[in-house]
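Coordinate inspection notes
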Amino acid sequence: MIGMDILQPAVALMIWTMIIWAWMYATRIPAMQKAQVDVNKLVSDPDASLDRSLPASVQWKAHNYNHLHEAPTLFYAVAIVLAIVGQGDGMNAFLAWIYTGLRVVHSLVQVTANKVMVRFILFLLSSVVLIALIVKAALVVFG
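Bear in mind the structure is a predicted one, so any value in this text is a computation, not a measurement.

On to the overall build of the protein chain, then. When helices and strands are counted, the protein chain shows seven helices and zero strands. The N-to-C order of helical and strand elements in the protein chain reads α-α-α-α-α-α-α. Its C-alpha atoms give the protein chain principal-axis dimensions of roughly 55 × 30 × 25 Å. Counting across all 143 residues of the protein chain, residues that qualify as buried make up 38%. Long-range pairs, those at least 24 residues apart, make up 80% of the contacts in the protein chain between residues at least 6 apart in sequence.

On to the packing of aromatic side chains, then. Applying the stated rule across the entire model yields three aromatic pairs. Judged by centre distance (5.5 Å) and plane angle (70°), the ring pair of Trp21 and Tyr25 falls under edge-to-face. Here Trp21 and its partner Tyr25 are both found in helix 1 (residues 7-34), four residues apart, which amounts to about one turn of the helix. Owing to a relative accessible area of 39%, Trp21 belongs among the partly exposed residues under this scheme.

Ile6, Leu13, Phe75, Tyr99 and Leu133 are the most contacted members of the largest nonpolar core, which totals 27 residues. Of all elements in the fold, only helix 1, helix 4 (56-67), helix 5 (71-84), helix 6 (90-111) and helix 7 (116-142) reach the threshold of two or more residues within this core. Among the elements that line this core, the one with the most residues is helix 5, at seven residues. If we ignore the near neighbours within four places in the chain, the residues touching Tyr99 are Leu13, Ala71, Pro72, Phe75, Ser126, Val129 and Leu130. Grouped together as the second largest cluster of nonpolar side chains are six residues, Met32, Val37, Leu50 and Leu54 included.

By secondary structure assignment, the location of Pro9 is in helix 1. Pro9 sits in the buried class, given a relative accessible area of 0%. Residues Pro9 and Phe142, 133 residues apart in the sequence, show an inter-C-alpha distance of 25 Å. Leave out the neighbours within four places in its chain, and Pro9 touches Phe75, Ala93, Ala96, Trp97 and Thr100.

Running from N to C, helix 5 and helix 6 cross one another at 165°; their axes reach a closest spacing of 12 Å. By the angle class used here, helix 5 and helix 6 are roughly antiparallel. Of the two elements, helix 5 crosses helix 6, and the hand of that crossing is left-handed. Touching Ala71, Pro72, Phe75 and Leu82 of helix 5 are Asn92, Ala96, Tyr99, Thr100 and Arg103, all from helix 6. Of the residues contributing to the contact of helix 5 with helix 6, the split by class is six nonpolar, two polar and one charged.

A few words on unusual backbone geometry. Despite not being glycine, Gln36 has its phi angle at roughly 50°, a positive value. Of note, Gln36 is situated in the loop between helix 1 and helix 2 (39-44). Of the residues examined, Gln36 reaches a relative accessible area of 69% and is grouped as exposed. At Asn114, a position not held by glycine, the phi torsion is positive, near 55°.

Parameters and conventions
Residues numbered from 1 in each chain as written. Predicted model: local features only at pLDDT ≥ 70, side-chain atom pairs only at ≥ 80, totals over all residues. Heavy atoms only, no water. Helix = DSSP H or I, 4+ residues; strand = E, 2+ residues; numbered from the N terminus. Buried < 20%, exposed > 50% of the residue type's maximum accessible area, 1.4 Å probe, protein only. Contact = heavy atoms within 4.5 Å. Phe/Tyr/Trp six-rings, centres within 6.5 Å; stacked < 30°, edge-to-face > 60°. Core = buried A, V, L, I, M, F, W, Y, C linked by side-chain atoms within 4.5 Å. Axes fitted to C-alpha atoms, helices over the stretch in contact; angles between N-to-C directions. Parallel < 35°, antiparallel > 145°, perpendicular 65-115°, else oblique. Left-handed = near helix turned anticlockwise from the far one by under 90°. Nonpolar A, V, L, I, M, F, W, Y, C, P; charged D, E, K, R; others polar.

Put into structure tokens, the structure is as follows:
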């Protein structure tokens, strides 16, 4: 179908998000057991948090999982818009793959070494790509 290539990187990022979800729980549940976290206290005590109870390296996965539900939601929306209007192939699909790649690399940095400046640069680059896709969609939809 014409314009549907952009859905491949969108689905790839969805798959990556679920990989991070699995990685998060594979590290978080054992860490919670080891730290003897009282889950009832987490919901009843406003000062209790997993960030205070678990090692930072465990929480990095959870933080990244949350990040994959922030800016990427705009990516999913713009990918669907571009696919619907038949503009999801060619350069737009290429940009979508770049966005997905940058988000995967951002995840890998955050869940392993968590170098903030490297993450910032990757986030900035991915945001520029996302802005380009949004501008392209706006030109088609409003043009």
